[in-house]
Amino acid sequence: MKVVIAMDSFKGALSASEAGASVAAGLTQAWSLLRPNEPPLRCVNLPLADGGEGLIDCLRPLLEAQGFRAVTLPVQRANLYQPAVTATMLVKEPECYIECAQAIGLPLLAPHERDLMTASSYGLGQMINHALKLGCSDLKIGLGGSATNDLGLGLAQALGVKFEGGAGEGLSSENGFISEVESWSKFSALDDSALQQRLKALKCKVTLLSDVTNPLLGPHGATYVFGAQKGADAAQQARLERALTDGAKLLTAHYGQDFTNTLGAGAAGGLGAGLMYLMGAKVVSGINTVLELLNFDTELKDADLVITGEGRFDTQSINGKGPVGIAARARAHHLPTWVLCGSKDARVTPAQLHELGINACLSITPGPIAIEDSIAQTKQLLTGTAANLMMGALSLQAR
């Protein structure tokens, strides 16, 4: 029996690779117990990323084998008061893979360090700037897991874009950067001529890897869908929405195109839209891109079962995130898919799971438990749940 394990990371607890290994350990325990005289269970661990946290770790072994090299550099975190963090890109000129979360990821900040009103995407801009300096003209940027909601304000500054305030309007700054997201409402013009000259000289192409389809604004936009989980209360969300609305008006007027309702514009706190305006970026499915690179369908040809999962499986998950992309591929090969998650949103119904090709979706948490304890025990909980599932499946098979 062959099982393909394609787990996403469990943020703050396990990497995608570690989560997959934990699942494999549980499956193997159950198989050895109930099938001691049969050939060993074959578990193929393919760490998953859909463009968010873990993208570089997921792709690094594969791309390094193809001649890519890891390039590291110190970059600014989303909180401008915090020290720099070392970020890694994968480079083989003219191509470069960049992960947003390496620089401005939410897990890089403690809860008390998160403030969406001043969180800046400057660090991601530093990564892009470095890639351009290396001569990279084919940039693939994974969007997801950001601690920002600034429509690319910080990123633009890192790339040399200049902003002008209206008459009498002062622009607040932190460490020399315009940090207040509400500064968008004070801008009267911008100068991106230096950036556009660089992009034109390199004939630069920017592809965004993301499975977030939200627009920039409105009830389904960046602020109102993702703001709360990044620490913004209702009053702050209303202020952020106004700021991004004003920012979008300025960018639309400057570039002569409106990307506010383009699929993926709301990804990573509006970085999707920001990069569409600033760099002419296009959005592609992150999960499908990664699965193609990993030759995922080849592994499925002789498989019997697929197991995937992530830290939380909720209504955002069913709109195209990693596990759903995995299930779609597995269903095309007539394979069952199990999803293991840290927690499952009760609003996700069995009918929805069935429609997506998911045969089982289980939370690994055994009952009421503090989040700190759940994170600390993630490895054991994953292993135990996988073992119990396999024991149940093998027992039914034997009847």
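It should be noted that the structure appears before, not after, this text.
Please read these numbers as outputs of a predicted model, since none were measured by experiment.

A short note on the sheet that holds strand S2 (residues 42-45)
So, point 1. What the 5 strands build is an open sheet, ordered S2-S1-S13-S14-S15; its pairing is parallel. Pairing within the sheet leaves two strands with one partner each, and these edge strands are S2 and strand S15 (360-363). Each strand axis lies, on average, 20° off the axis of its neighbour in the sheet, ignoring direction.
So, point 2. Relative to strand S13 (residues 305-313), strand S1 (residues 2-7) runs parallel, the two being bridged by 5 bridges. Following the sheet pairing, valine 3 is matched in S13 by leucine 305.
So, point 3. Strand contacts of helix H1 (residues 16-34): S1, S2, S13 and strand S14 (337-344), with the helix running at about 150° to S1, the strand carrying the most contacts.
So, point 4. Set on the sheet, helix H12 (residues 322-332) makes contact with S1, S13 and S14; between it and S13 the angle comes to about 165°.

Observations concerning the layout of surface pockets
Using a probe with the size of a water molecule, rolled over the atoms, empty space left in the structure can be pinpointed.
So, point 1. Each pocket or cavity is described by its volume, and for the largest pocket that value is around 1600 Å³.
So, point 2. Mapped onto the lining of the largest pocket, the elements with two or more residues apiece are helix H7 (222-226), helix H9 (267-279), S13, S14 and helix H14 (371-376).
So, point 3. Partitioned by chemical class, the residues of the lining of the largest pocket number 15 nonpolar, 22 polar and 13 charged.
So, point 4. By volume, the second largest pocket is sized at about 400 Å³.
So, point 5. Surrounding the second largest pocket, 27 residues form its lining, Ser15, Glu53, Gly54, Asp57 and Glu99 being those nearest its centre.
So, point 6. Among the elements of the structure, H1, helix H2 (55-64), strand S4 (85-92) and helix H3 (100-104) are those that each provide at least two residues to the lining of the second largest pocket.
So, point 7. Of the residues forming the lining of the second largest pocket, the biggest block, 4 residues, is contributed by H2.
So, point 8. Split into classes, the residues belonging to the lining of the second largest pocket amount to 14 nonpolar, 8 polar and 5 charged.

Cut-offs used in this document
- Residues numbered from 1 in each chain as written.
- Predicted model: local features only at pLDDT ≥ 70, side-chain atom pairs only at ≥ 80, totals over all residues.
- Heavy atoms only, no water.
- Pairing = 2+ DSSP bridges.
- Helix = DSSP H or I, 4+ residues; strand = E, 2+ residues; numbered from the N terminus.
- Axes fitted to C-alpha atoms, helices over the stretch in contact; angles between N-to-C directions.
- Contact = heavy atoms within 4.5 Å.
- 1 Å grid on protein atoms, 1.4 Å probe; cavity = no way out; pocket = protein on both sides within 12 Å on 5 of 7 lines; lining within 4 Å.
- Points joined across faces, edges and corners; volume = space filled by probe spheres on them.
- Nonpolar A, V, L, I, M, F, W, Y, C, P; charged D, E, K, R; others polar.

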